[in-house]
Structures are given as structure tokens and as C-alpha cells.
Amino acid sequence: MCGIVGYVGHRTSADYLLEGLRRLEYRGYDSAGIATLSADGQFDVVKAVGRIDALAERLTERPLLGTTGIGHTRWATHGVPSEANAHPHFGGPADNPVLALAHNGVIENYLALKEKLLDEGYAFTSSTDTEVVAHLIARSLAKFESRGAEFLDEPHALLRAAVEDALAKLRGTYGLVILFRDYPGLIVAARQGSPLVVGVGHGEHFVASDASPLAGRTEKIVYLADHQIAFITADALEVSHREHGRIDHLVHDLTIDQTDVELGSFPHYMLKEIFEQPEALENAMRGRLNDEDGSAKFGGLNLTPQQLRGVNRILLTACGTSWHAALVGEYLLEELARIPVEVEYASELRYRNPPMEHGTLLFALTQSGETADTLAALREMKRKGYPTLAICNVVGSTIAQEADGGVYLHAGPEIGVASTKAYTSQVAVLTMLALFFGRLRHLGFEAGKRIIGELRKLPDVMRQTLEVNAAVRQLAGKYCHATNFLYLGRQFNFPTALEGALKLKEISYIHAEGYPAAEMKHGPIALVDENTPSVFIMPQGFVYDKVMSNLEEIKARGGPVIAIAPEGDKQISRLADDVIYVPPVEELFSPLINIIPLQLLAYHIAILRGCDVDKPRNLAKSVTVE
Ligand code: G6P
């Protein structure tokens, strides 16, 4: 959803801002804008509805020259996508605004605040909640300026007092970047529930709502936390906390570089990320396989060995694709660790009141670390006293910061809206967690060693699997006109069926349903006809024959069948209309392999239908609203 960038330094800020906004396009947006501030306190602003290209065109017609600036991509919440509603917004008198501001998040009490500001004579030009924040800060600034003498000691004391005073009146979430007319060369950033990072350069600073606009610009990053306000000039970064005043901030190494956020030779990020999966898998496993103990090891669980041994129930919560990874985790953890596992949609869990059980451990799975429902579920469970861990990709994200501990995926930035490499990395981490908890219980050393051996082979098996790309592209040509698809699998691959169907829905807008293969008789079979393809996931294993019977039932009703089956399966080609052969692996690991042809199938069908796979309609990469 919305994205923020900011720049203060010696270069023309609009260049970085525009490039930064392009890097944030993946989050989903419908309009964009940039405001700059010149050294003599003049604001300049350019906005456009639609793609960043439209904004770029405007900027070519009317270049913005200031060396301090902020930019924003907006995903409409309050008010339609329009130039008037696009950020940045201005605060103070319409003919001489005192500040410009861009905002991510939602202000819940904006209507009441707006009424008050209207009564006081503030004029509004948009329907946004953001403009309320702009005027509110302008109002506090005017109030504190009239008491100027109190603030002579510290350089930013007056601004801090004004911003804090205004923010205290807000209910909701915000990541804010603000330019003040009378403070050229300064950006003020504040966060509460919506992420902001600062990139530290030489004689320049960058601000953004995630790290991707920083890649290639700097190698040093500061993650702002809730209740913090940053005062950022070309040469200095000063951070203060609402309650503790000025605080020291930690500067981290930025772990992503420019190639991670660029397309390279791929036509789309989704395809690039599908092909990055073998490497992502290696990164997820690096340093985590422990041959000596025949187990896995994790540096950040932050639980004592006693606490870990005391875990007798695991709750996995997530949204979207991450929820599907959690479902695979349920099968894995129960199989290897014999621990009861429940998987809950975060949007349900946050309002449920599950009975507390001693020894319950919560894992929140999230690529972005920012999904509003997952964050709320984590907070709720934390409040109730569960230890909460995160399985997360984005370093320094809100969920990563708020969880008691966790495991990073190290998959690198995932930019395509449809999640691919984060999914397989999550499944890999869950496999290692299942091994880890299994080895704390009944799983023997030899069994652990064998699993480690198999895990080590998987990146290469994935590389071989990706060779199906050409065959899948051809298959896509045959089926791209279908309007309904069924995806069917069982046990470990029931979630694969759900995820395969979700991929197709998300990017090709074809209706698709994933089902446990045997459940198909209880409803979806009514959909089967000669125009409705069924995709069967058919690994060798103890349910193979059962799934084969389900497949026969579809064939008997004239439905076309596409099967994903391991090389060497001699029977399948006699029944299925089309087969995509993948390298054989143990059933336990097969979700990691079987999902690859399904990701590719969705991708190629979407391309053939002319869809924008990286920015599918109505979807956002990071869903920061409830
Ligand atoms: C959005 C994205 C999905 C993603 C889901 C959960 O819906 O479009 O691809 O799976 O959010 O996101 P998370 O970052 O929490 O994994």
C-alpha cells in the first residue's frame, strides 16, 4: 500500500525521490506526488494520478530543483484517487503553508479533528485523513512559536514539541515525513505502527517506508521504531522518543543491494523471484543445519532450552500466501515433532478468544512484517502472555521488532505482488523448525541427519525443477482461456493446491479453487465439465492411490486433467491429459518442489491474458489496513 521516500543532501532531491517511488511501486498505489523545499523556504509540488510514469512526465515538463524533498505513492483509503487527494499535503494557511507532509497509515479520529480545524478556519483541499495531520501540526507549531523563548536551548526543541503535541491527538497509525517552510534542509520523520527507515549517506540522508529505495544508495540503515521522531539533515540524524527524549540510534548494515531490487534480464519481478528460489532456499538454510546434533539451529528464538522443551502446542498465524505456508508447517510439525499445531487466519485470531494453554508458542508468518491483521494477532497473543515469534522476510519490520524473537527468511526483497520465493523460504524454515522441535523430542539422531541430507539437496532439485518452464509455458497456451480451475492435492500438498489456486486468481483473474482432493466430491465436482481443468498434485507417497481415484472421478465426468507428478511415474500419463514431471523427492519435501510448476503456470497464463503480473488489479503487496 502507500509508500514514502525522502531525501536531504546535496543532490537534486526529485531524482532520488522519483527513483525511490519506482522501487515502491510494488506495494500497490493509485497516485503519487513529490514536494521539495528550496533553501529559501519555497515549496514546490508535483502530483499525478496513475503510474509513476505519469509523475515522471510531469516532472520533465516542470523539474523540481530543491535538495530537500519528500515523495509518496498513495493507495486510496479516504477519498478517491485524484491529484487533490494525492500526497504531499500542506498545513497552515492555504496561501502560505508552513509545512508539507506525506503519510502512510490511517487516522481513525480524523473526522472529529477535521471538524474542529474547520471551525478554527483551516481550509481543506482534499478528502484525506492526512490533511488533518498537516493542519494539526501547523496549528501546534503556531501555538508553540508564540512561546518561542522556552525553546532556545535545543535546536529542534520547538519543532519536537509541536509535532509531539499534534501527534498526541491522533488515534490510528502513521509513518510521516514532514518538511517545514522555516527549516530548509530538514526532514522530520515520525512513526507509529507504520514503518520508516533512514539511510545514512555521506553528506546526505534518505528516508523510506522500506529499505528497497535505499539499495544502491547507501549501505547503512536505521530502523525507526514506534513513538520515535527523527530530525534529519544532510549531515546529522537525531532521534528522540516520545517518553525518553533524545535517544541513541543503532546504525545497521543494509543487507540488500541494487541487483536485488532490479529486474536484470527478467521481464517481470514475479518470474525473477520464481527463479531465485533455489538461492533463497540456500539462504534460508545457511548456518541453520547442525550436523553434529542432527538438528537445526536458530540464533533468534530468544527462548531458553527449558521453554523450548516445554512447548506443547504451536499456533501459526498469517494471511494470504503466508497462511498457506503455515498450513504446510502444520503437517510438517505434527509429522516430525508430534506437537499439536493450529493454523489461524490472523484476521480471525485477532478477535478470537482461544482458551490459554500453558506451553503454547505463537509463530506469526509474514513476508513483509507489516500486515495489519498479522500484527494485531501477534499483539493480542502477546498481551495474553504467549511467547510470540515471527517468521519474517523484511529485516527491521514492525512484526520483526515486536515479536519476542524469530527467524528471518533472508529471501531478499520480494517485489512481485504475488508471493513466490517468500513462500518456499517460509516452508523451508518451517521444515527446519519441525526438525528442531522433533529433535528436542522423539526424533532420533539418524533420522535428523537424514533430513538434513535431503534438505541440502533441495536447492539443486529446485534448479532442475525450474527446467519445466518451457513445458509449462506451452501448457499455459492450451488452458489460458478457461474461466474456472480446480486445484486438488492431499496431505502435505493440500496447501500446495490452495497456493496454486491463489497464484492463478491473483494474477490472471481466473476463478480457481484449491481443495483437498477427496473433498472435491462434496461440492466442487459440480463445477467439472469439459471447460474446467483440474490440476492434480500427485507426489508418490501413501495417498498416491487415493488421489488417483479422485482423478478418475474427474475424468469420468469429462473434466480435463493436468497432473504435477514425479519423473518415473508410469501410470499418470495414461489418465491425465497433460503431465508436468518434476524431480522425485520425499513427500515431506514435495510442497517445495510441486509449487514451482504451479507458480509458473499462473505466471504464463496471466501473461497470455495480457495481465500486469507484478501489479495485479486491486491487490497490494503489503496490506497495512485491517
Ligand atoms: C497480501 C499479498 C500476499 C501476501 C499477504 C500476506 O495479500 O498480496 O501476497 O501473502 O498480503 O502478506 P505478508 O507480508 O504478511 O506475508
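What comes next is a walk through the structure.

Cut-off values and rules
Residues numbered from 1 in each chain as written. Predicted model: local features only at pLDDT ≥ 70, side-chain atom pairs only at ≥ 80, totals over all residues. Heavy atoms only, no water. Near = heavy atom within 4 Å. Polar contact = N/O pair within 3.5 Å; in protein donor to acceptor, adjacent residues only side chain to side chain. Nonpolar A, V, L, I, M, F, W, Y, C, P; charged D, E, K, R; others polar. Phe/Tyr/Trp six-rings, centres within 6.5 Å; stacked < 30°, edge-to-face > 60°. Helix = DSSP H or I, 4+ residues; strand = E, 2+ residues; numbered from the N terminus. Buried < 20%, exposed > 50% of the residue type's maximum accessible area, 1.4 Å probe, protein only. Pairing = 2+ DSSP bridges. Axes fitted to C-alpha atoms, helices over the stretch in contact; angles between N-to-C directions. Contact = heavy atoms within 4.5 Å. Salt bridge = Lys/Arg side-chain N within 4 Å of Asp/Glu carboxyl O. Core = buried A, V, L, I, M, F, W, Y, C linked by side-chain atoms within 4.5 Å.

## Points about the site of the ligand
Then, in step 1: In the vicinity of the ligand there are 14 residues, among which Ser322, Thr366, Gln367, Ser368 and Thr371 approach most closely.
Then, in step 2: A distance of 3.2 Å separates an oxygen atom of the ligand from a polar backbone atom of Val417.
Then, in step 3: Here the residues of the shell around the ligand are counted per class, giving four nonpolar, eight polar and two charged.

## Side note on the packing of aromatic side chains
Then, in step 1: Taken as a whole and assessed by the stated rule, the structure comprises 11 aromatic pairs.
Then, in step 2: On the numbers, 5.7 Å between centres and 90 degrees between planes, the contact of Phe298 with Phe436 is edge-to-face. With a gap of 138 residues between them, Phe298 in the loop between strand E17 (295–296) and helix H9 (305–309) and Phe436 in helix H14 (residues 421–439) connect regions that are remote in the sequence.
Then, in step 3: A residue is classified by how much of its surface remains accessible, and Phe436, at 12% relative accessible area, is buried.
Then, in step 4: Arranged with centres 5.8 Å apart and planes meeting at 50 degrees, the rings of Tyr331 and Phe492 form a pair that is tilted.

## A look at the sheet that holds strand E21 (residues 388–392)
Then, in step 1: What the five strands build is an open sheet, ordered E19-E18-E20-E21-E22; its pairing is parallel. One side of each edge strand has no neighbouring strand; the edge strands of this open sheet are strand E19 (341–345) and strand E22 (405–408). Between one strand and the next, the sheet's axes are offset by a mean angle of 20 degrees, whatever the strand orientation.
Then, in step 2: In this sheet, E19 lies alongside strand E18 (residues 313–318) in parallel orientation, the contact comprising five bridges. Looking at the pairing, Ile314 lines up with Val341 of E19.

## A look at the side chain of Glu499
Then, in step 1: Structurally, Glu499 is set in helix H17 (residues 494–508).
Then, in step 2: Leaving out residues up to four positions away in the same chain, Glu499 has contacts with Thr321, His324, Ser419, Tyr423 and Ile595.

## Quick look at the pattern of salt bridges
Then, in step 1: Tallied over the entire structure, the rule returns 38 salt bridges.
Then, in step 2: In this structure, Asp291 engages Arg456 in a salt bridge whose closest nitrogen and oxygen atoms are separated by 2.9 Å. In this pair, Asp291 sits in the loop between strand E16 (289–290) and E17 while Arg456 sits in helix H15 (residues 445–465), placing the two residues 165 residues apart along the sequence.
Then, in step 3: Its relative accessible area of 42% is what places Arg456 among the partly exposed residues.
Then, in step 4: Two residues, Asp578 and Lys478, come together in a salt bridge whose shortest N-O distance is 2.7 Å.

## With respect to the nonpolar core
Then, in step 1: Counting residues in each nonpolar core, the largest one holds 97 residues, and the members touching the most others are Ile314, Leu316, Phe363, Leu365, Phe437, Phe485 and Tyr487.
Then, in step 2: It is H14 that provides the largest number of residues to this core, a total of 12 residues.
Then, in step 3: The residues contacting Leu365, other than those within four sequence positions of it, are Leu316, Thr317, Ala318, Ser322, Ala325, Ala326, Thr374, Ile391, Gln426 and Leu430.

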